[in-house]
Amino acid sequence: MKNSTQNRRQFLTETGKAGIALATMPLVTKMSSRIFFAGSDYTQQPLPYAYTALEPYIDAMTMEIHYTKHAATYAKNLADACVAEKVDTSTTSLIALLKTVSKYTPKMRNNAGGHYNHELFWQLMKPSPSVAPTGPLADAIQKTFGSFADFQKAFGEAAKTRFGSGWAWLLVKTDGSLAVSSTPNQDNPLMDVAEVQGTPLLGLDVWEHAYYLKYQNKRPDYINAWWNIVNWEWVQKRYAEALSK
Ligand code: MN
């Protein structure tokens, strides 16, 4: 009895200390990197909202299947590929792996890209978004594309004309300028195999699994609807973060 009480007291003291240690600084660093650079974790992170949250633009069933089946499978297959190809995920960041993806197998390329792209995709949407960016990102978009509407047109074209499956992107190139591009399959601008390379700010999944239940063959309708749920505040923070690197 006495021992058990003592052990319990000791346990509480120790967990209390651990709690204080956790509550101080490491979490802050971890949180901010997760918010702005989603996709840095090798494992699938919780969806930041309910499956119904993006209705009516993206329906709940699409969200649930997309998150629990498609995206979850990329994360699982990425873990398998890391074991098979001897990637130490405690010392190699996912971003570093993507930047050297040509050294790995197609399985690694497809699943590292698939996992990263979806982690990013969930974060850059939200139920009640701003309708357009503000601040330095708005200025850069205007300077690069002429106007926000011209940017949307260029991005929409990239998304519509990507043949088969892939993604459309707004990215910051290594020289700090903005660009619109698209990539096939689960490639992304971080990859050393990408035609236009840089840090992705905004990405749109144009695989049929992302829209077919609600939009069937009407990919342009899905693209137009999607502008209603872009989380511009988040994209703006990512832009500031990308420029500071
Ligand atoms: Mn997808």
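Going by the structure above, here's the rest.
The structure contained in this document is the topic of the report that follows.

What counts, and at which threshold
Residues numbered from 1 in each chain as written. Predicted model: local features only at pLDDT ≥ 70, side-chain atom pairs only at ≥ 80, totals over all residues. Heavy atoms only, no water. Phe/Tyr/Trp six-rings, centres within 6.5 Å; stacked < 30°, edge-to-face > 60°. Helix = DSSP H or I, 4+ residues; strand = E, 2+ residues; numbered from the N terminus. Buried < 20%, exposed > 50% of the residue type's maximum accessible area, 1.4 Å probe, protein only. Pairing = 2+ DSSP bridges. Donors = N, O, S within 2.8 Å, 3.2 Å for Na, K, Ca; no water. Axes fitted to C-alpha atoms, helices over the stretch in contact; angles between N-to-C directions. Contact = heavy atoms within 4.5 Å. Expected span 1.5 Å × (residues − 1). Arc of directions from axis to C-beta. Core = buried A, V, L, I, M, F, W, Y, C linked by side-chain atoms within 4.5 Å. Domains from an automatic or database assignment.

Side note on the packing of aromatic side chains
Using the criterion set out here, one finds 16 aromatic pairs in the structure. Both rings, one in Tyr 211 and one in Tyr 222, keep their centres 4.9 Å apart while their planes meet at 25°; by these two values the pair is stacked. One end of the pair, Tyr 211, is in the loop between strand E3 (198-205) and helix H8 (212-215); the other, Tyr 222, is in helix H9 (residues 219-226), and 11 residues separate them in sequence. As far as the burial class goes, Tyr 211 and Tyr 222 line up, both buried. Through a chain of ring-to-ring contacts, the aromatic side chains of Phe 145, Phe 148, Phe 151, Phe 155, Trp 226, Trp 227 and Trp 232 assemble into a single cluster.

Thoughts on the pairing of strand E1 (residues 166-173)
The side chains of a regular strand alternate, residue by residue, between the two faces of the sheet. With 7 of 8 residues buried, E1 lies mostly within the body of the structure. Here E1 pairs with strand E2 (residues 178-184) via 7 bridges, running antiparallel. When the bridges of E2 are listed, Ala 168 appears paired with Ser 182. Here E1 folds back onto E2 in antiparallel fashion, the turn holding 4 residues, of which Gly 176 has a positive phi close to 90°. Note: E1 against E3, 7 bridges, orientation antiparallel. Across the sheet, residue Ala 168 finds its bridge partner in E3, namely Leu 204.

A short note on the coordination of the manganese ion
Working reference: metal with six octahedral donors, ideal angles 90 or 180 degrees; metal with four tetrahedral donors, ideal angle 109.5 degrees. Those protein atoms acting as donors to the manganese ion are His 66 (NE2), His 118 (NE2), Asp 205 (OD) and His 209 (NE2), and they sit at 2.0 to 2.1 Å. For the manganese ion, all donor residues lie on one chain, and their spacing in sequence is H-x51-H-x86-D-x3-H. Separated by 87 residues along the polypeptide, His 118 in helix H5 (residues 106-123) and Asp 205 in strand E3 bring together distant segments of the chain. Like His 118, the residue Asp 205 is buried in the burial classification.

Quick word on the sheet that holds E1
The sheet built from 3 strands is open, its strands ordered E2-E1-E3 with antiparallel pairing. Looking at strand neighbours, the two that pair on one side only are E2 and E3, the edges of this open sheet. Along the sheet, successive strands turn relative to each other by an average axial angle of 30°, direction set aside. Contacts between H5 and the sheet are confined to E1 and E3, with E3 contributing the most and set at about 75° to the helix.

Regarding helix H7 (residues 148-161)
Compared with the 20 Å implied by 1.5 Å per residue over 14 residues, the 20 Å span of H7 between its first and last C-alpha is a close match. Buried within H7 are the following residues: Phe 151, Phe 155, Gly 156, Ala 158 and Ala 159. The buried residues of H7 all sit within an arc of 160° when viewed along its axis, so they share a single face. Those residues of H7 that are exposed and angled more than 90 degrees off the buried face are Ala 149, Lys 153 and Thr 161.

Some thoughts on the nonpolar core
One finds Met 125, Leu 178, Leu 202, Tyr 222 and Trp 226 to be the most contacted residues of the largest nonpolar core, which totals 62 residues. For this core, the domains that each give at least three residues are domain 1 (2-30 + 43-123) and domain 2 (135-244). Here Tyr 222 is in contact with Ile 58, Phe 121, Leu 204, Asp 205, Val 206, Ala 210, Tyr 211 and Tyr 215, once residues within four sequence places are set aside.

What about the environment of Gly 203?
Looking at where Gly 203 falls in the secondary structure, it is placed in strand E3. We classify Gly 203 as buried; its relative accessible area is 0%. The sequence separation of Gly 203 and Leu 124 amounts to 79 residues, and the corresponding C-alpha distance is 8.1 Å. Sequence-distant contacts of Gly 203, defined by excluding residues within four places in its chain, comprise Phe 121, Leu 124, Trp 167, Ala 168, Trp 169 and Trp 226.

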